[in-house]
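One-letter residues, chain by chain:
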Amino acid sequence: MPTLSGCWDRVELQDLAIITGLAIDRVDNEKIKVTAQIFIPRSITSGETGEDPGLGSTYIREGIGNNLANAISMLQISIPRRIFWGQCKIFIFGEEVAKQGIRDGIDFLARHPGPRGTSNIYVSEGEAKKILILIPLLERYSGEALKKLSQGEAGMKTTMRDIDIALMGEGESITLPYIRPLASHDPTRKPNQTIPMIEGTAVFRKDKMIGTLNMSETRGLLWLKDDVKRSTISVKLEGEDGEITMTPTLGSIKYKPEIKKDHWIMNLKLKIEGDIVQNETHLNLMNEDIIKRITKEYEKALKKRVSLTTDKFIRGFQTDAISFGRRFHEKYPQEWKQVKNNWDEKFPEVEVKISVNAKIRRPGYIGPPAALPRDEVEE
Amino acid sequence: MLFLEEEVNVIRIRRGPSRKKEPEHKGKQQTLSQDIPLSKELDENIKFFSSLFQQDLDVIFRSIVVGKRNATIIYIEGICDTQKLDEQVLGTLLDKSKFDESKGDFLYGIEGELPISKIKRISTYLACMEDIFIGNPVLLFDGCKEALSLGLAKFEKRSIEEPQAETAIRGPREGFTEALGLNISLVRRIIKNPALKMKTIHIGKYTKTKVVIFYIEGLIDNTLIEEIENRLNRIKIDGVLESGYIEQFIEDSPYSPFPQLLYTERPDVVSANLLEGRAAIMMDGTPFSLIAPVSFFSLFQSQEDYYERFWIGTFIRSLRFLFLGISLFLPSIYVAITTFHQEMVPSDLLISIASSREGVPFPAIIEAIMMEITFEAIREAGIRLPKQVGSAVSIVGALVIGQAAVQAGIVSAPMIIVVSITGIASFMVPRYSIGLSIRLLRFPIIILAGALGLIGIMLAFILLIIHLSELRSFGLPYLSPIATLQKHSLKDTLIRAPIWRMNGRPHLTGEFNAERQGTTLKPGTNKPRK
Amino acid sequence: MRMLEKGKISNLQIEFMMIPTIIATGVLSIPSMAGKFARHDMWMTPLFGSLIGFLTVFIVWKLHQMFPKMTPIQYSEKILGKALGRVFSFFLVVFYIHNTGFIIRQYTDFVTANVMFETPSIVMSICIVVVSALAVYRGIEVVARSAVICSSIFICGAVCLLLLIPDVEITYMLPFLENGFLPVLKGSFIHSAWFSEFFLLAFLYPFASSQKKGLKTGMRGTFFIMLFLLYVNFFVLTILGVSCVNQFYPVYSIIRGIHVLGFFENFEVVITAFWVLGNFVKVSVFLYVGCLSLAQLFRLSDYRLIVFPISILLIFFSYWDIPNIVVLIDYMQKIQPFYFVIVQTIFPLFLLLIALVRKKRRKVG
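Going along each chain's sequence as written, the residues are numbered from 1 onward. Following the order in which they are written, the chains are lettered starting with A and the ligands numbered starting with 1. Totals for whole chains, interfaces and linings use every residue, but because this is a predicted model, local features are given only for residues with pLDDT of at least 70 and side-chain atom pairs only at 80 or more, for both listing and counting. Excluded from the side-chain calculations are hydrogens and water; all other atoms, namely the structure's heavy atoms, are used.

### Here we look at the packing of helix α17 (residues 432-470) of chain B against helix α5 (residues 121-138) of chain C
Fitted lines through C-alpha atoms give the axes, limited to the stretch in contact for helices. The angle between two N-to-C directions lies from 0 to 180 degrees. Only DSSP runs of H or I with at least four residues qualify as helices, and only runs of E with at least two residues qualify as strands; both kinds are numbered from the N terminus onward. In contact at an axis separation of 9 Å, α17 of chain B and α5 of chain C are set at 10 degrees when each is read in the N-to-C sense. The angle between α17 of chain B and α5 of chain C places the two elements in the roughly parallel class. Together, L452, I455, L459, I462, L463, I466 and E470 of chain B of α17 of chain B and V123, M124, C127, V131, L134, A135 and R138 of chain C of α5 of chain C make up the contact between the two elements. Between 65 and 115 degrees an angle is taken as roughly perpendicular, under 35 as roughly parallel, over 145 as roughly antiparallel, and anywhere else as oblique. By definition in these notes, contact holds between two residues if any of their heavy atoms fall within 4.5 Å.

### Remarks on the packing of aromatic side chains
Only rings of Phe, Tyr and Trp enter the pairing, Trp through its six-membered ring, and a pair is recorded when the two centres are within 6.5 Å. The plane angle decides the type: under 30 degrees is stacked, over 60 is edge-to-face, the rest tilted. This model, assessed by the stated rule, comprises 44 aromatic pairs over all chains. On the numbers, 5.3 Å between centres and 85 degrees between planes, the contact of F95 of chain C with Y339 of chain C is edge-to-face. Of this pair, F95 of chain C sits in helix α4 (residues 82-114) while Y339 of chain C sits in helix α13 (residues 325-364), and the two are 244 residues apart along the sequence. Type-normalised accessible area, obtained with a 1.4 Å probe on protein chains alone, sets the label of each residue: buried when under 20%, exposed when over 50%, and partly exposed for intermediate values. Looking at F95 of chain C, the relative accessible area reads 1%, which means it is buried. On the basis of an interplanar angle of 85 degrees and a centroid distance of 5.4 Å, the ring pair of F110 of chain C and Y252 of chain C is categorised as edge-to-face. Here F110 of chain C is found in helix α4, whereas its partner Y252 of chain C is found in helix α10 (residues 250-256), with 142 residues between them in sequence. Judged on exposure class, the residue F110 of chain C and its partner Y252 of chain C are both buried. In this structure an aromatic cluster arises from ring pairing among F95, Y96, F199, F203, F286, Y339 and F340 of chain C. Charge-over-ring contacts are defined here by two conditions on Lys NZ or Arg CZ: a distance within 6 Å of the ring centre and an angle within 35 degrees of the ring normal. Above the plane of the ring of Y255 of chain A lies R327 of chain A, whose end atom (NZ or CZ) is 4.0 Å from the centre.

### Description of the domain arrangement of chain A
Interfaces are often described in size by the accessible area the parts lose on coming together. Residue and element names in this part refer to chain A. Each domain's limits were defined by an automated method or a database of domain assignments. When the domains of chain A are assigned, the result is domain 1 (13-213) and domain 2 (216-379). In this complex, domain 1 contributes 22 residues to the contact, which on the side of domain 2 involves 20 residues. Summed over both partners, the accessible surface that disappears when two parts come together, traced with a 1.4 Å probe, is what is meant by buried area. Of the roughly 1700 Å² buried between domain 1 and domain 2, counting both surfaces, carbon and sulfur atoms make up 58%. For the purposes of these results, a polar contact is taken to be a pair of N or O atoms within 3.5 Å, where, inside protein, one atom must be able to donate a hydrogen and its partner to accept one; residues adjacent in sequence count only when each atom of the pair is a side-chain atom. Seen at the junction of domain 1 and domain 2, the total is two residue pairs in polar contact (both at pLDDT 80 or more). Elements supplying a minimum of two residues to the side of domain 1 that touches domain 2: α7 (142-151), β8 (196-205) and β9 (208-213). Considering each element in turn, the side of domain 1 that touches domain 2 owes the most residues, five residues, to β8. Across the side of domain 1 that touches domain 2, the residue classes break down as seven nonpolar, eleven polar and four charged. Residues are grouped as follows: Ala, Val, Leu, Ile, Met, Phe, Trp, Tyr, Cys and Pro are nonpolar; Asp, Glu, Lys and Arg are charged; every other residue, Gly included, is polar.

### Re helix α9 (residues 243-250) of chain B
All names here are of chain B. Along α9, the residues that are buried comprise S243, G244, I246, E247 and I250. For α9, the buried positions fall inside an angular range of 160 degrees around the axis, keeping them on one side. Lining the buried residues of α9 we find β6 (196-203), β7 (209-216), α8 (222-233), β8 (262-264), β9 (279-283) and β10 (289-292). One side-chain oxygen of the residue at the start of α9 lies 2.7 Å from the amide nitrogen of G244, identifying that residue as E242. Our arc is simply the arc of the directions from the helix axis toward the C-beta atoms.

### Description of the sheet that holds strand β11 (residues 244-260) of chain A
Strand pairing in a sheet relies on backbone hydrogen bonds. The paired strands run either parallel or antiparallel. Residue and element names in this part refer to chain A. Read from one edge of the open sheet, four strands run β10-β11-β12-β13, paired in mixed fashion. Here the strands that pair on one side only, and so sit at the sheet edges, are β10 (233-235) and β13 (351-362). Each strand of the sheet is rotated relative to its neighbour by a mean of 40 degrees, with strand direction disregarded. Strand direction decides the pairing type here: β11 and strand β12 (residues 263-279), joined by 16 bridges, are antiparallel. Directly across from I253, in β12, lies its bridge partner L270. Across the sheet, helix α9 (residues 215-224) is in contact with β11 and β12; its angle to β11 comes to roughly 60 degrees. In the packing of helix α10 (residues 288-317) onto the sheet, contacts are made with β10, β11, β12 and β13, and the angle to β13 comes to roughly 145 degrees. At least two DSSP bridges between two strands are needed for those strands to be called paired.

### Concerning the state of the cysteines
Any pair of cysteine sulfurs within 2.5 Å is marked as a disulfide. Counted under the stated rule, the structure contains zero disulfides over all chains. Lacking any disulfide linkage, C291 of chain C is separated from the closest cysteine sulfur, that of C150 of chain C, by 19 Å.

### Overview of the sheet that holds β8 of chain B
Residues and elements named next belong to chain B. The five strands lie next to each other as β6-β7-β9-β10-β8, forming an open sheet whose pairing is antiparallel. Each of the sheet's edge strands pairs with one partner strand only, and the pair in question is β6 and β8. Direction aside, the axes of adjacent strands within the sheet are offset by 25 degrees on average. In terms of strand pairing, β7 meets β9 through four bridges, oriented antiparallel. Its bridge partner lying in β9, F214 is registered against A280.

### What about the interface of chain C and chain A?
On the chain A side, the residues contacting the 30 residues of chain C number 20 residues. When the two sides are added together, the surface that chain C and chain A hide from each other amounts to roughly 2100 Å², 48% of it contributed by carbon and sulfur. Among the residues of chain C in contact with chain A, E118, E178 and R256 of chain C are the three that bury the most area, contributing 24% of the side total. Here chain C is connected to chain A by two residue pairs in polar contact (both at pLDDT 80 or more). When residues of the side of chain C that touches chain A are traced back to their parent elements, those giving at least two are α9 (214-240) and α10 of chain C. The element that contributes the greatest number of residues to the side of chain C that touches chain A is α10 of chain C, accounting for three residues. Here the residues of the side of chain C that touches chain A are counted per class, giving 13 nonpolar, ten polar and seven charged.

### As for the confidence of the model for chain A
Residue and element names in this part refer to chain A. When pLDDT is averaged along chain A, the result is 79, and 91% of the positions lie at 70 or above. Along the chain, pLDDT gives the predictor's confidence residue by residue, from 0 to 100. Contacts for the low-pLDDT stretch residues 1-6, under 50 throughout, to residues beyond four places or in other chains number four contacts. Every residue in residues 46-51 is under pLDDT 50, and counting partners more than four places away or in other chains gives two contacts.

### Topic: the interface of chain C and chain B
Listed by partner, the interface residues are 35 residues for chain C and 26 residues for chain B. Between chain C and chain B, the buried area comes to about 2700 Å², and carbon and sulfur atoms account for 80% of it. The largest contributions to the chain C side of the interface with chain B come from M116, R145 and I149 of chain C, which together make up 21% of the buried area. Take a side-chain nitrogen of Lys or Arg and a carboxyl oxygen of Asp or Glu: if they are within 4 Å of each other, that pair is a salt bridge. Seen at the junction of chain C and chain B, the total is two salt bridges. Between E141 of chain C and R472 of chain B there is a salt bridge; the shortest N-O distance is 3.0 Å. Applying the counting rule to chain C against chain B returns four residue pairs in polar contact (both at pLDDT 80 or more). Elements supplying a minimum of two residues to the side of chain C that touches chain B: α1 (11-38), α4, α5, α6 (140-158) and α11 (268-297) of chain C. If you tally residues by element for the side of chain C that touches chain B, the top one is α11 of chain C, at eight residues.

### Notes on the packing of helix α3 (residues 72-80) of chain C against α13 of chain C
Residues and elements named next belong to chain C. Contact geometry of α3 with α13 gives a least axis separation of 9 Å together with a crossing angle of 50 degrees. Taken together, α3 and α13 sit at an angle that is classed as oblique. Like other packed secondary-structure pairs, α3 and α13 cross with a definite hand, here left-handed. Only L351, I354, A355 and R358 of α13 make contact with α3, whose side of the interface consists of K78, I79 and L80. Its residues assigned to classes, the contact of α3 with α13 shows five nonpolar, no polar and two charged. The crossing is said to be left-handed when, going from far helix to near helix, the turn is anticlockwise and less than a right angle, and right-handed when the turn is clockwise.

### Some remarks on a nonpolar patch on the surface
Residues enter a patch when their relative accessible area is above 30% and they make no salt bridge; the linking distance is 9 Å between like charges and 5 Å between nonpolar side chains (Val, Leu, Ile, Met, Phe, Trp, Tyr). Computed with the Shrake-Rupley method and a 1.4 Å probe, the accessible areas treat only the protein chains shown as cover for residues. Residues F338, I342, I346, F350, L353, I354 and L356 of chain C make up a contiguous nonpolar surface patch of roughly 600 Å² in combined accessible area. The class for I354 of chain C is partly exposed, based on a relative accessible area of 33%.

Encoded structure:
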C-alpha cells in the first residue's frame, strides 16, 4: 500500500513550526537576514501550570542567505520542525531593504506557494527584527497586534496583492505602513513587553523607499484611498476660543479626472458625515446657524488635510502612489497612451482641486456646552 | 404402550452415550414430501401418526366414538385452543343423539353440527401434518377418506405494543407482533379496499414459514410482483427465522454495503408504502416486514416527516442529510485537515488544536481509527447490557474513559469531540439498517483521508457515488429521484413539499397510477392550481 | 448498426454531464489566457467565445437528426464512404484519447502545484483514472447519475465566489473597449477550444431518452456555460485587475483571498476538492467517449474490454508529452483553439454539408 506508507504530504501538527511573522533585513550590504517569529503551542497549556508569561508564546530564529529564498532555507535548517506558512500574515521589511528595493522579496512572496496573497506588508523603522521580539500584553504575538491595528481606527493596510497590482499598474508606486515599537513607559513591565505601532507611511518610487509621511499626512492618504477610519478633526471658529472636535462616521471620495487642453486636473469630491464629540467653546450647538458655520470650517479643515497629502506626493515625492494615473487611464485612454511612458514627468504637473461636502449629523448627546451656566452660552 | 416405550428409551439413554442411529425411528418415518392420501382405516392412520410423533409429549391423540364410528382427534397441546376444543368440539361430538348415519354424507353432517367457524376437509397425510403443526386439531374418522381440520389454533402471543426500534412522537403507537394473522389484520384496518391483495408462499424445509406479499392492485407494477415471487420461490433452505434471511436472499446486489429493502415494524409505514405503489413482504414469526423496491432517499424518510407540517418536515429532513454527511465524513475531514491542510483552520483554532495535540504519541489517523473502534465497541456493548448496568457503563465509558484518556495524553480532546459528534450524528438516521452501513463505511474513508487528505475524501465520495449509481433495488435505481432527475418526486426527497402539493406518485413505483390526488387541495383557497 | 450501449439517459442528465465536462479544466487558466489579449475587457470574452459553442451544438443536432441513434463513428462511414470514414473515425478516436491525457495532466498539475506538493503526480493520475474507469465500466447510466450529483456539488462550490463581492473593484473593468474589439475577439478565440467540446454531445445524443429535445438541451447547456464563465471572468478581473495575466491559476488566487467573518479563511482546499468532483465527470465522459468510439470502430462486442487498457494508456499520455506547465499554457493558447475548433466544429460542418448534398442527390436521383 504505497499510499499508506508514503503519504508524502502528511505532516502531523506536532511536526509543524507555525510562523506568525517574518522580518526581512539586510546585513553586510549584500546578504539578506530573515527572522521568523515561531509560535510555541505549549505556551497555551503551560500558561495554566504557571510558566512565566513574560516569556511570551513565541520565539525567534534567524537565517542568513544571499537572497530571500536562500535565507529561508537556511532558516529551515535551524528549526527542527517544518516551516508552516499558512498562518503567517505579517511580513516586515527593514528600512534598509526597503531603500534598496523590495521587488526581489515580493517576487519570492508571490511565487512561493506558501505565503498568502492577502498577507499584510509593513516597513519598519530601522531593523525589522526588533518588531518581532516584542511581546504584547493582550495579544498572543506581535503580529496579531499589528494585524488588529491595521484594521483598527488609524491603521492602514496594504496586502501583497495590492503591491502586485500597484507595481504592475500605471503609477508603479506604492505606500506601505511604517511601524516602530511603541515606547513603553510602564516601569513594572520589561521594555520589550509592548506592541508595534503604525507611525506613518513609507512612500516608494517603484519598489524603492524614498521617504515617509507623518501621522497627519497619513490621515490624508487614508482619505485618498477611500479608507477613512474614525480619526478626529478639530476646527477653530473665528473669534472663538477653543476648538470643536468631530469624528467622522461616513467618509467617501470620488475621483473625477479632467483634461482641458493639455492641462490635467484631478477633481476630488469628498463627502464627510460626522458627530461632534468635544466642544471647547461656549457656543450652543443646538443652534442651526452655528452648526452651519462649523460645517464650513470643517470643510476647510478637511480640504487642507487632504491637499497637504496630495501636495506632498505631487510636489514633494513626485511619485504617483495614489493611483492618479489609473484614474486618468480609465477615463482618457487616448491621452493616457501618449503620456504613459513619461508619467513621472507629467505627474507633478497635475493640478488637484478639492471640494468637500460636510454634514454634521449629531452634535452628540448634549447641545449646549456642558457644565456651563446658562447665561454664558452663546447663540 | 407409548408410555412403556418411552420409559425404555429413557433408560437406554442413561446407560451410555446415545447412539446416532435410532433404527426404529428410521424405519417408521415416512418421507413427507409425497402426498400420500389418507387411508379409510382409522387404525392405519393412527399407526402412521403415532409413529411420526412417537416421542413428542405434546401431541395428544384423543379417541372418541361419534355416533357409531370411531374417531380420533390429533392435536398439539399448547398451540391449540383446548377450551374451545373441549366445549365445542368434544361436547358436540360426544352427544350421541345427534349423529345419524343414514342422513347422507357423514362428514357433511359433522360439519353441520360443529359450531366452529373454520373447518376444512383434508385428504393427505401431508396436509394433516401441516395443519397439526399450525395448531389445528385434525379429526380422523374410521371409514372416511377425508379428515376434518378444525380451525382452533391459538397460541400465546405478544400483545400489540409500541414498536421498540421505531419510536415516534406523533403517529400510531401500534407495532406488528410475531403472529402473521394479527399483522395482516393491522394492515387491513388501515387499507379497507378490495384492491389490497395478498400472495402466500411457504419457505423453509423445516420451518415452513408462511410468507405473504402484500400489494395494492392497480397501483403496482405486475412485473414487480412476479419478480418478487420468483425470487422468493428460489429460496430453498432449512429454515427462515427472520425476514432478514429473506432479505439477504432476494436482494439485487448481495455484496453491497447498502440495504436494498426497507424493514419496518409499523403498520402505518407499510400502508404508506403500499399506497405509493410498493410491495410489502410479511412473515410469520417476526414483527419486521420488508418493503420493496426502495431508494436511498426513502431510507431517510421517517413517517413523522409527513405527520408534521411541511416546514418542520423539511427542516428535520435537511438536518438529517446534514448529519448523514457529518457521520460519514467528520472524522476523515478532521484527520485530513489536521495532517494535510492545516492552513484551512482559523489561526485560533489551529493553535488550540496544536497545543492539545502536543504529547499525543499517535498520528492523527491512528488516533481516529482507535477512537472510532472504541466508540463502536461501547455502542455494541450497550445493546447487550442488562438494564441495571447499562447506564453505569455509558457514564463510565463516555466520561471517565474519555476524560482520563485525554489527561493521560493518549488521545487529544478535539478527537473525542469529533468522535462523539459523529456518534450522535449517526443516530439521526431513522432506519437502523442504513445507519449500520454508514458506520461501516466510515473506516475506509478515514483511511483514504489519511493517505491523500481532502482529495482522498473526494475520491472516496466519488467511489461511493459510483457504487450507489449502479445499485438497483428490484429495478428501481437506488439514487432516484435525484440522480435520475424526476421532477415531481424531487419534492419529497431533500425537502418535504406541502402535502397538498404532492400530486403524483413516485416514479417507477407508482407510475401506473400516477395521479394521486387533485390539485385543488390547498387549504384556505378555492382557486384551482394551474 | 449494433449499439454497444443499452442504457438510456435523460436530457437533463446530459446537461448536467456536459457542464463540468466543458468548464472543469477551463475555469483554471482561461481568465489569464484571455486576459493576455483582451486586458480590461476580458470579462466579455465568453460572450463571443460561446458563439462557437452554439454553432457546434447546431451542427451536431442536424447530424443527429439525419442519423438518429448513431454516433459520429458510425455515421461518418455512411457519409464519407467506408475507407475515408474509417480514417476519420480513427483520427477522432486518437484525438479524444490524446486529449483526455492532456486533461488528466492539467488536473494533476493543478493539484500537485497547489494542494499536494510532495505527492508524485503519477499517484494523482492513477487515482483519477482508476475512479473514472470504474464509472465508465459500469455504463453510461452510472456515469450520468454520478455526474448529476457531482456536478451539483461542483456548481454549488462556485457560489462561494459571491463571498468576494466586498473586494470587487468595478473600476478595474475600465476603460471600456480601450483597444477596440479585436483584442476581445482574440481573447474569445481562446474560449472556443473549450466550447467546441460540445461535439461530445454527438456521442451522447443517441442514448437520450427524448430524441426531440436535444437541441434545446445543447443550447441551454451552452448558455449556462457562457454565464458561468462570464461570472468567473468578472470576478477575476475585478479583484485582481490586469495582474491576473501573470498568474497561472487566477481563479485559485482569488479564492485564496476569501475571508468572511474571520472564519471562512483559507477555503481554497475545499473548493479544490469540489473541483475534483467536476474533473472526475470530465475525465469519465471523455474516457467513455474514447472507449465507445474505439469499440465501435473496431467492431468489438463490448466496449468494457478496452476500458482498462485505455486507462493505462491515458496515464502514460498524461506523463509524456508535455514537460511542464509553461509548455502546456503555450499549447493551450496558441495551438489548442485552432486544433480543437478544426476537429470539432469545422470537420463536422463538412460532414454535415456532404451529408446534405448526398441527401439531395439521392432525392433527385
